[in-house]
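One-letter residues, chain by chain:
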Amino acid sequence: MLMLNCPYCGMNKDETELSAGGEAHIKRFGPGSSDQDFEEYLFGRANPKGLHFERWRCSSGCGKWFHAARCTLTLEVFGTYEAQTLEPPQSIKDLITVKRPGWSWRAFS
Amino acid sequence: MKRFSVFAIAREAMRQHSGWSRTWANPQPKKSYEVIIIGAGGHGLATAYYLGKNFGITNVAVIEKGWLGGGNTGRNTTIIRSNYLQDPSAAIYEKSRSLYENLSQELNYNVMFSPRGCMMLAQTQHEMRGYQRTAHANSLQGVKTEFIGPERIKQLCPIMNVDGPRYPVLGALWQSRAGSARHDAVAWGYARACSEMGMHILQKTEVIGVTQEAGNVTGVETSRGHIECKKLGMVVAGHASVVAEMAGFHLPIESVPLQALVSEPIKPCMDVVVMANTVHGYMSQSDKGEMVIGGGTDGYNAYTQRGSFHHLEETVRALIETFPMISRLKMLRHWGGIVDVTGDRSPILSKTPLGQTFINCGWGTGGFKAIPGSGWAFAELMAKGESPLTAEFGLDRFSAGRFVDESVAAGVAH
């Protein structure tokens, strides 16, 4: 069973107490963008086997959205962080580098 | 290869079954093939089979990381039906269902197709309206289904409790020609027929890269060396995104675990397939007597092939109200498969941004029923560059906004 620590309220929550919100750090494209960018924003997903960055909601707790770095193959959680950011904090990236040397995910590494 | 028949069984019975040959060959990879299919599951093997049978292309290799039929083909709940809402879906699934009817004779391999009938229960007013709409759509598409009431349901499936307090059974969409088949036998039958045509099935051969030149595919890097090809078909279900990444493009797909479980074998008590979409539970009885139960998908991406326990708990809890007699059953096995889900819950059978490369994926939670039809249509797409059955399932439908929306059609993840 997957457990995540909400970075806002600090509670360690079971997956039944959380709602999964899909891939994180998706760059938004709106009116004026190319069809290809808009399609990639709406439908293109990294869907990696391994390290993934996701959005989760502390739905039966404080109700806030946060981000998590997780492995989709082992369910290992590398850390959670607040959603008000365009990329994962350096501390989480460093932690992942220790466990998954040479990792990359979309534009991040 | 010797044909299977009653005479073959009698002959072998006389000589202690010493004369059976291998079902398929285990060859060394050649340097190059005309067509390479990645993935020796049902869909991949069916594609290879119809490439040979319908288009005479037999210089084909089917490359498989594990053993053939060891992925979702061996992990599903074997339901075969074609009662979909949208016309393109009904066309390909009905083609598939009709091919299943003669598959044992065609492959000379008993796939144990059992057209026992399948009912999809309506347990809310929303589902009542939804399935009545589907029944009307099916009439127009030429797919034989009917909407039936609780009395008929009770007649067809006496073990069902139709007046449960929480999820009363209000009606059902009944397809009498739907049913189930032996999943392993479907893969084995196609593999045997492919091997007979001289195709190579390369098991324990992992694809680790796709090589290309001037925008066209030239071959694949595998754990057994580089193999050249003129055309490449990717048919890897849950791992579609991983293989697409090797060829350099993204797919509108997310992979999630879907779980199933079987009970201890009991005496025959249920001779139809029942799907209850409101509570995410499917149930049928196998020929061995086990109750085969399918559940819902997990809410987040994973490649774990096991899934979350609480989904199983929800499935079983809800089914017990509708089938009170299963409450004392012991469960024998439980497993998960990784399903590739698209935004509109319809498959992708398409050309790709890489030249001479084709992809067949996105069957999500309903791939087994589609194996023959998917293979038939995808083989045509690979051989001729187009197929009437795949025309609406292209990758370009996402940029064009031309969805084949089966997620709204079912009202649930199915």
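Everything below is about the structure shown above.
All of the points below concern the structure found in this document. (Residues numbered from 1 in each chain as written. Chains lettered and ligands numbered in written order. Predicted model: local features only at pLDDT ≥ 70, side-chain atom pairs only at ≥ 80, totals over all residues.)

Now for the overall build of chain B. Scanning chain B for helices and strands turns up twelve helices and 18 strands. Taken over C-alpha atoms, the radius of gyration comes to 21 Å for chain B, in line with the 22 Å a tight globule of 414 residues would show. Projected onto its principal axes, the C-alpha coordinates of chain B cover approximately 65 × 65 × 40 Å. For chain B, the proportion of its 414 residues judged to be buried stands at 52%. Nonlocal contacts in chain B, meaning residues at least 24 apart in sequence, comprise 75% of its contacts between residues at least 6 apart. (Helix = DSSP H or I, 4+ residues; strand = E, 2+ residues; numbered from the N terminus. Rg over C-alpha atoms; globule rule 2.2 N^0.38 Å. Buried ≥ 20, exposed ≤ 12 C-beta atoms within 10 Å, placed from the backbone. Contact = placed C-beta atoms within 7 Å.)

Attention now moves to the overall build of chain A. Per the secondary structure count, chain A includes two helices and six strands. Traced from its N-terminal end to its C-terminal end, chain A shows the element sequence β-β-β-α-β-β-β-α. Over its C-alpha atoms chain A spans a radius of gyration of 14 Å, differing by no more than 12% from the 13 Å that the globule rule assigns to 109 residues. Judged by the C-alpha coordinates and their principal axes, chain A covers about 40 × 35 × 25 Å.

Moving on, we get to the sheet that holds strand 5 (residues 65-71) of chain A. Residues and elements named next belong to chain A. Strand order in the open sheet made by the four strands is 3-4-5-6, with antiparallel pairing throughout. What marks the edges here is a single partner per strand, and that holds for strand 3 (19-23) and strand 6 (77-82). Strand-to-strand twist in this sheet, taken as the mean axis angle between neighbours without regard to direction, amounts to 30 degrees. Pairing analysis gives three bridges linking strand 3 to strand 4 (residues 51-57), with the strands arranged antiparallel. Pairing of Ala20 across the sheet is with Trp56, part of strand 4. Those strands touched by helix 2 (residues 90-99) are strand 4, strand 5 and strand 6, and its axis lies near 170 degrees from that of strand 6. (Pairing = 2+ DSSP bridges. Axes fitted to C-alpha atoms, helices over the stretch in contact; angles between N-to-C directions.)

Of all hydrophobic cores here, the largest spans 121 residues; its most connected members are Ile36, Leu45 and Val62 of chain B. When residues no more than four places from it in sequence are discounted, the contact partners of Val62 of chain B are Ile37, Ala40, Gly44, Leu45, Ala48, Cys194, Met199, Ile201 and Leu202 of chain B. (Core = buried A, V, L, I, M, F, W, Y, C linked by C-beta atoms within 7 Å.)

The next point concerns the interface of chain B and chain A. At the junction of the two partners, chain B supplies 20 residues and chain A supplies 17 residues. Going through the elements one at a time, helix 8 (240-247), strand 12 (253-265), helix 9 (309-322) and helix 11 (397-400) of chain B are the ones with two or more residues in the side of chain B that touches chain A. It is strand 12 of chain B that provides the largest number of residues to the side of chain B that touches chain A, a total of three residues. Among the residues forming the side of chain B that touches chain A, the class breakdown is eight nonpolar, eleven polar and one charged. (Nonpolar A, V, L, I, M, F, W, Y, C, P; charged D, E, K, R; others polar.)

Let us now look at the packing of helix 3 (residues 87-101) of chain B against helix 10 (residues 371-384) of chain B. All names here are of chain B. Closest axis-to-axis distance for the helix 3/helix 10 pair is 6 Å, and the angle between their directions is 115 degrees. Judged by the angle between their axes, helix 3 and helix 10 are roughly perpendicular. The crossing of helix 3 and helix 10 is right-handed. Across the interface between the two elements, Ile92, Tyr93, Lys95, Ser96, Leu99 and Tyr100 of helix 3 pack against Ile371, Pro372, Gly373, Ser374, Trp376 and Ala377 of helix 10. Of the residues in the contact of helix 3 with helix 10, the class split is eight nonpolar, three polar and one charged. (Parallel < 35°, antiparallel > 145°, perpendicular 65-115°, else oblique. Left-handed = near helix turned anticlockwise from the far one by under 90°.)

Turning our eyes to something else, we now look at the sheet that holds strand 4 (residues 118-122) of chain B. All names here are of chain B. Pairing within the open sheet is mixed, and its eight strands lie in the order 5-6-4-13-14-15-12-16. Each end of this open sheet is capped by a strand with a single partner; those strands are strand 5 (146-148) and strand 16 (331-342). Going across the sheet, the axis of each strand differs from the next one's by a mean of 20 degrees, ignoring polarity. Helix-sheet contacts for helix 5 (residues 125-141) involve strand 4, strand 5 and strand 6 (171-175), and the interaxial angle to strand 6 is about 25 degrees.

We now examine the environment of Asp405 of chain B. Residues and elements named next belong to chain B. Along the chain, Asp405 turns up in the loop between helix 11 and helix 12 (407-410). Using a count of 15 C-beta atoms within 10 Å as the deciding quantity, one classes Asp405 as partly exposed. Placed 62 residues apart in sequence, Asp405 and Gly343 show a C-alpha to C-alpha distance of 8.4 Å.

Bringing the packing of helix 2 (residues 42-55) of chain B against helix 7 (residues 183-196) of chain B into the picture now. All names here are of chain B. Running from N to C, helix 2 and helix 7 point in directions that differ by 35 degrees, and their axes come no closer than 9 Å. You can see that helix 2 and helix 7 cross each other, and the crossing is left-handed. Residues Gly42, Leu45, Ala46, Ala48, Tyr49 and Gly52 of helix 2 touch helix 7, and the partners they reach there are Val186, Ala187, Tyr190, Ala191, Ala193 and Cys194.

On to helix 1 (residues 6-14) of chain B. Among the nine residues of helix 1 of chain B, zero are classified as buried, and the element is accordingly described as predominantly exposed. Following helix 1 of chain B by one or two positions, Gln16 of chain B adopts a phi angle in the positive range, close to 50 degrees.

Next up on the list: unusual backbone geometry. Here Leu75 of chain A, not a glycine, exhibits a phi torsion of approximately 65 degrees, which is positive. Of note, Leu75 of chain A is situated in the loop between strand 5 and strand 6. On the basis of neighbour count, Leu75 of chain A is assigned to the partly exposed category, with 17 C-beta atoms found within 10 Å. Located in the positive-phi region is Ala214 of chain B, a residue other than glycine, with phi close to 50 degrees. By secondary structure assignment, the location of Ala214 of chain B is in the loop between strand 9 (207-213) and strand 10 (216-222). For Ala214 of chain B, a count of 6 C-beta atoms within 10 Å corresponds to the exposed category.

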